[in-house]
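Geometric and topological summary
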Amino acid sequence: RKEVEQDPGPFNVPEGATVAFNCTYSNSASQSFFWYRQDCRKEPKLLMSVYSSGNEDGRFTAQLNRASQYISLLIRDSKLSDSATYLCVVNMEDSSYKLIFGSGTRLLVRP
Amino acid sequence: GAVVSQHPSWVICKSGTSVKIECRSLDFQATTMFWYRQFPKQSLMLMATSNEGSKATYEQGVEKDKFLINHASLTLSTLTVTSAHPEDSSFYICSAGGGYSQHYEQFFGPGTRLTVL
């Protein structure tokens, strides 16, 4: 079983749609969780950290379910510029900077 | 967010040569730096973890004698691909983690695209 699993997609949605990505992780000791965005041939960029209580940043909402070891990202009112690969990332163990990346979910937003 | 630079952004070299890639944290002191490799349509794979002033920790399957890492200061880490071969062609990305963040975020450099002919 992969340490971080994501649906690879692609998710092909029209502008304005709401889209949700899911992710599961295997290491119950993981303490920090993130969503990164990666554009083609570019480095990953931090989209948002995921907090236990869930958090929202504009059109983006992240949720964490520790019991199920499940993380989600919701994007509302999709824009063309949201087209990218979204990476679910967890730290490997408590008090560590070492991160494990999911393989990413590709999002295509069409006009 | 914190800024991490990488140099060069791309390099083309002949098989057998060595290539050095620099990673710098520009506005913070990076306790730890990481080196990743990404092949087309694949996710980032961690190669090694580098702590300032100590030897790097390599992931399983990564040859430490081929991928030399030096972390001389809190703002600079270098990766040298020795005797590069075509199969080493990849996108190499560094990242830096700083002690200021309680959530252990990493900030990535822009990457170096290596092509070995």
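In this report, the structure presented in the accompanying data block is examined.

Basis of the calculations
Residues numbered from 1 in each chain as written. Chains lettered and ligands numbered in written order. Predicted model: local features only at pLDDT ≥ 70, side-chain atom pairs only at ≥ 80, totals over all residues. Heavy atoms only, no water. Helix = DSSP H or I, 4+ residues; strand = E, 2+ residues; numbered from the N terminus. Buried < 20%, exposed > 50% of the residue type's maximum accessible area, 1.4 Å probe, protein only. Polar contact = N/O pair within 3.5 Å; in protein donor to acceptor, adjacent residues only side chain to side chain. Phe/Tyr/Trp six-rings, centres within 6.5 Å; stacked < 30°, edge-to-face > 60°. Salt bridge = Lys/Arg side-chain N within 4 Å of Asp/Glu carboxyl O. Contact = heavy atoms within 4.5 Å. Buried area = accessible area lost by both parts, 1.4 Å probe.

**So, the environment of Glu15(A)**
Residues and elements named next belong to chain A. Here Glu15 is to be found in the loop between β2 (11-14) and β3 (19-25). The class of Glu15 is partly exposed, set by a relative accessible area of 43%. Taking the C-alpha atoms as reference points, Glu15 and Ser78, 63 residues apart in sequence, are found 5.2 Å from one another.

**Digging into the side chain of Gln106(B)**
Residue and element names in this part refer to chain B. Structurally, Gln106 can be placed in strand β10 (residues 106-108). What makes Gln106 buried here is its relative accessible area of 0%. Here Tyr36 takes part through its side chain, which lies 2.9 Å from a polar atom of the side chain of Gln106. Of the polar contacts made by the side chain of Gln106, one reaches the side chain of Ser95; its length is 2.5 Å.

**Looking at the side chain of Thr112(B)**
All names here are of chain B. Checked against the element boundaries, Thr112 lands in strand β11 (residues 112-116). Classification of Thr112 as buried rests on a relative accessible area of 0%. In this structure the side chain of Thr112 is engaged in a polar contact, spanning 3.1 Å, whose partner is the side chain of Gln6. Side-chain polar atoms of Thr112 contact the backbone oxygen of Pro8, separated by 2.5 Å.

**What about the environment of Cys13(B)?**
Mapped onto the fold, Cys13(B) is located in strand β2 (residues 10-13). Linking Cys13(B) and Thr115(B), residues 102 residues apart in sequence, is a C-alpha distance of 6.5 Å.

**Side note on the packing of aromatic side chains**
Geometrically, a pair of aromatic rings is defined through the distance of the ring centres and the angle of the planes. Tallying each qualifying case throughout the model produces twelve aromatic pairs over all chains. Measuring from centroid to centroid gives 5.7 Å for Phe101(A) and Phe108(B), while their planes differ by 75 degrees, and the two rings are edge-to-face. With Phe101(A) in strand β10 (residues 99-101) and Phe108(B) in strand β10, the pair connects residues from two separate chains. Per residue, the accessibility class of Phe101(A) equals that of Phe108(B), and both read buried. Ring geometry for Phe28(B) versus Phe107(B): centroids 6.4 Å apart, planes at 70 degrees, classification edge-to-face. Taken together, the residues span a long stretch of sequence, with Phe28(B) in the loop between β3 (19-25) and β4 (30-38) and Phe107(B) in strand β10 at a distance of 79 residues. A residue is classified by how much of its surface remains accessible, and Phe28(B), at 11% relative accessible area, is buried.

**Considerations on the pattern of salt bridges**
Residue and element names in this part refer to chain A. This structure, assessed with the given rule, holds seven salt bridges over all chains. Here Arg37 makes a salt bridge to Asp39, at a shortest N to O gap of 2.9 Å. The class for Arg37 is buried, based on a relative accessible area of 19%. For Arg59, the salt bridge is made with Asp82, and the minimal N-O distance between the two is 2.8 Å. Remark: Asp82 occurs in the loop between β8 (70-75) and β9 (84-91) and Arg59 occurs in the loop between β6 (55-57) and β7 (60-65); sequence separation between them is 23 residues.

**Regarding the interface of chain A and chain B**
Opposite the 20 residues of chain A that make contact, chain B presents 25 residues. Taking both sides of the interface into account, the surface hidden between chain A and chain B amounts to around 1,900 Å²; carbon and sulfur atoms contribute 59%. Our count for the chain A to chain B interface comes out at zero salt bridges. Our count for the chain A to chain B interface comes out at three residue pairs in polar contact (both at pLDDT 80 or more).

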